[in-house]
Amino acid sequence: MDALGDRIVVVAFDGWNDAGEAASGAIDVLRDNGDYELVHSVDPELYFDYQYTRPSSQMDATGRRELRWPEAALWRPAVSAGDGTPEFWLLTGVEPARTWQAFANEFIDIALRDDVTGFITLGAMLSDVPHTRPISIFAASSNEQVREALDIERSLYEGPVGILSVFEHFAERAGIPTASLWASVPHYVATATPSPKATLALLDRLEELTGVDTPRERLRTDAATWEASIDAAAADDEDMTEYIHQLERTRDTWDSPDASGDAIAQAFERYLKRRGDGPGDHKR
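Residues numbered from 1 in each chain as written. Predicted model: local features only at pLDDT ≥ 70, side-chain atom pairs only at ≥ 80, totals over all residues. Heavy atoms only, no water.

Student: Can you explain a negative patch on the surface? Please cite residues and give values.
Tutor: Among the surface-exposed residues, Asp14, Glu21, Asp28 and Asp32 lie close enough to one another that they form a single negatively charged patch. When you line up the elements, Glu21 lands in the loop between β1 (7-14) and α1 (22-32). (Patch = residues over 30% accessible without salt bridge, like charges linked within 9 Å, V, L, I, M, F, W, Y side chains within 5 Å. Areas by Shrake-Rupley, 256 points an atom, 1.4 Å probe, with all protein chains shown as cover. Salt bridge = Lys/Arg side-chain N within 4 Å of Asp/Glu carboxyl O. Lys, Arg positive; Asp, Glu negative; His and termini not counted. Charge placed at Lys NZ, Arg CZ, Asp CG, Glu CD. Helix = DSSP H or I, 4+ residues; strand = E, 2+ residues; numbered from the N terminus.)

This is the structure we're talking about:
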């Protein structure tokens, strides 16, 4: 785990990069299972378009009406182990609407100040995959040392990107190594959000890469319930059932012993280019 160090910022944003709320859901699970304190929050006036991401109205404990503005914030563990074991800091919020370079650099400056040692970005995209099979996680890095240490891929995607790719670019340029995890969410259940099975897959892969265990028993139950609900819906729709069977056959071919890792990676990259929504480029 030396490639990303022991102070790792896990990044996920609502919006374009978050199909099925899988990535933001993973951050929610991490926060719910830890004690965190605020490090830095951006000024929403600088980065958000309120016609696109509107503020919301809510009542406080006394019944007074308050406005809640879009936000993006960095959180750190309230208590650090201090023994060299990896710990997660969390960077999350709404994807900004403007001045992305300034937005990313504002957080990168804080990360440098506080000796952050690595970034892992979490994303999710809609894909032609079956809900009945394990959720695919594409793990990649543009950093050669990280790829070798964690045995992950180098993405060959070229095209439009989202805020996660911007963070990776500026973090690497500042000397902070990065990795990314992307979940493939079945596109035909896009309205059945959130997708706990995809959130679970992201957290499982995050643990594999970092060794940091996050309790997720409830999430496993939610994932099983989610899958069962889609099974029930498909049972009443012959066309959907047949389509799912087609996706299953394709997935099983990819997972067969005859399929090499290089072949699967190349097929995945070709698929992203056809769709025009590769890692960092998911439209919701």
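On we go from here.
Student: Before we move on, could you go through the sheet that holds strand β2 (residues 36-41) and cite the residues and values that matter?
Tutor: Pairing in this open sheet of 7 strands is mixed, and the strands run β2-β5-β6-β1-β7-β9-β8 from one edge to the other. The strands lining the two open edges of the sheet, one partner per strand, are β2 and β8 (137-140). Looking at each pair of strands side by side, their axes are set apart by 25° on average, direction ignored. Bridge count between β1 and strand β7 (residues 118-127): 4 bridges; the pairing is parallel. (Pairing = 2+ DSSP bridges. Axes fitted to C-alpha atoms, helices over the stretch in contact; angles between N-to-C directions.)

Student: Which residues make up the nonpolar core, and what values do they have?
Tutor: Side chains of a nonpolar character, in soluble globular proteins, are inclined to be buried together. Of all hydrophobic cores here, the largest spans 40 residues; its most connected members are Val10, Phe88, Leu90, Ile120, Leu122, Leu181 and Leu206. Considering every element that reaches this core, the biggest residue donor is helix α6 (residues 196-210), with 7 residues. Discounting chain neighbours no more than four positions away, the residues touching Leu206 are Val10, Leu30, Phe88, Ile120, Leu181 and Gly211. If you look at the next biggest cluster of nonpolar residues, it comprises 32 residues, including Val9, Phe48, Leu91 and Val94. (Core = buried A, V, L, I, M, F, W, Y, C linked by side-chain atoms within 4.5 Å. Buried < 20%, exposed > 50% of the residue type's maximum accessible area, 1.4 Å probe, protein only. Contact = heavy atoms within 4.5 Å.)

Student: Now, about the pattern of salt bridges: what can you tell me, with residues and values included?
Tutor: Enumeration according to the criterion identifies 12 salt bridges in this entry. For Arg133, the salt bridge identified is with Asp252, shortest N-O distance 2.9 Å. Here Arg133, found in the loop between β7 and β8, pairs with Asp252, found in helix α8 (residues 238-254); they are 119 residues apart in sequence, far enough to count as distant. With a relative accessible area of 22%, Arg133 lands in the partly exposed category. Among the residues examined, Asp252 registers a relative accessible area of 35% and is labelled partly exposed.

Student: For helix α7 (residues 217-235), give the residues involved together with the corresponding values.
Tutor: A rise of 1.5 Å per residue sets the reference length of α7, with its 19 residues, at 27 Å; its end C-alpha atoms lie 27 Å apart and thus fit the reference within 8%. For α7, the set of buried residues is Leu219, Ala223, Trp226, Glu227, Ile230 and Ala234. Viewed end-on, α7 has its buried residues packed into an arc of 95°, placing them on one side of the element. Relative to its buried face, α7 has exposed residues pointing more than 90 degrees away, namely Glu217, Arg218, Thr225 and Ala235. Close packing links the buried residues of α7 with α1, β9 (178-186), α6 and α8. (Expected span 1.5 Å × (residues − 1). Arc of directions from axis to C-beta.)

Student: Break down α8 for me, citing the residues and quoting the values.
Tutor: Two residues of an α-helix separated by three or four positions point the same way, owing to the 3.6 residues in each turn. Counted at 1.5 Å a residue, the expected span for α8 with its 17 residues is 24 Å, and the 25 Å between its end C-alpha atoms agrees. Every buried residue of α8 is listed here: Met240, Ile244, Leu247, Glu248 and Arg251. Axial view of α8: buried residues confined to an arc of 105°, hence all on one face. In α8, the exposed positions that point more than 90 degrees away from the buried face belong to Glu238, Asp239 and Thr253. Elements in contact with the buried residues of α8: α7. N-cap assignment for α8: the residue whose side-chain oxygen lies 3.1 Å from the backbone N of Asp239 is Asp237. (Polar contact = N/O pair within 3.5 Å; in protein donor to acceptor, adjacent residues only side chain to side chain.)

Student: Go over the packing of aromatic side chains with me, naming the residues and quoting the values.
Tutor: Per the stated rule, a full pass over the model turns up 9 aromatic pairs. On the basis of an interplanar angle of 80° and a centroid distance of 5.1 Å, the ring pair of Tyr47 and Phe103 is categorised as edge-to-face. In this pair, Tyr47 sits in helix α2 (residues 44-47) while Phe103 sits in helix α3 (residues 100-113), placing the two residues 56 residues apart along the sequence. The exposure classification of Tyr47 matches that of Phe103, with both residues buried. Here a set of aromatic residues connected by ring pairs shows up, and it is made of Phe13, Tyr47, Phe103, Phe107, Phe119 and Phe167. It is Arg31 that lies over the ring of Trp75; its NZ or CZ is 4.0 Å from the centre. (Phe/Tyr/Trp six-rings, centres within 6.5 Å; stacked < 30°, edge-to-face > 60°. Lys NZ or Arg CZ within 6 Å of the ring centre and 35° of its normal.)

Student: I'd like to hear about the confidence of the model for the protein chain, residue by residue, with values.
Tutor: In the predicted model, the protein chain carries a mean pLDDT of 88, and the fraction of residues at 70 or more is 88%. Scored below 50 in pLDDT, residues 277-284 shows 40 contacts in the model against residues more than four places distant or in partner chains. (pLDDT = per-residue confidence, 0-100.)

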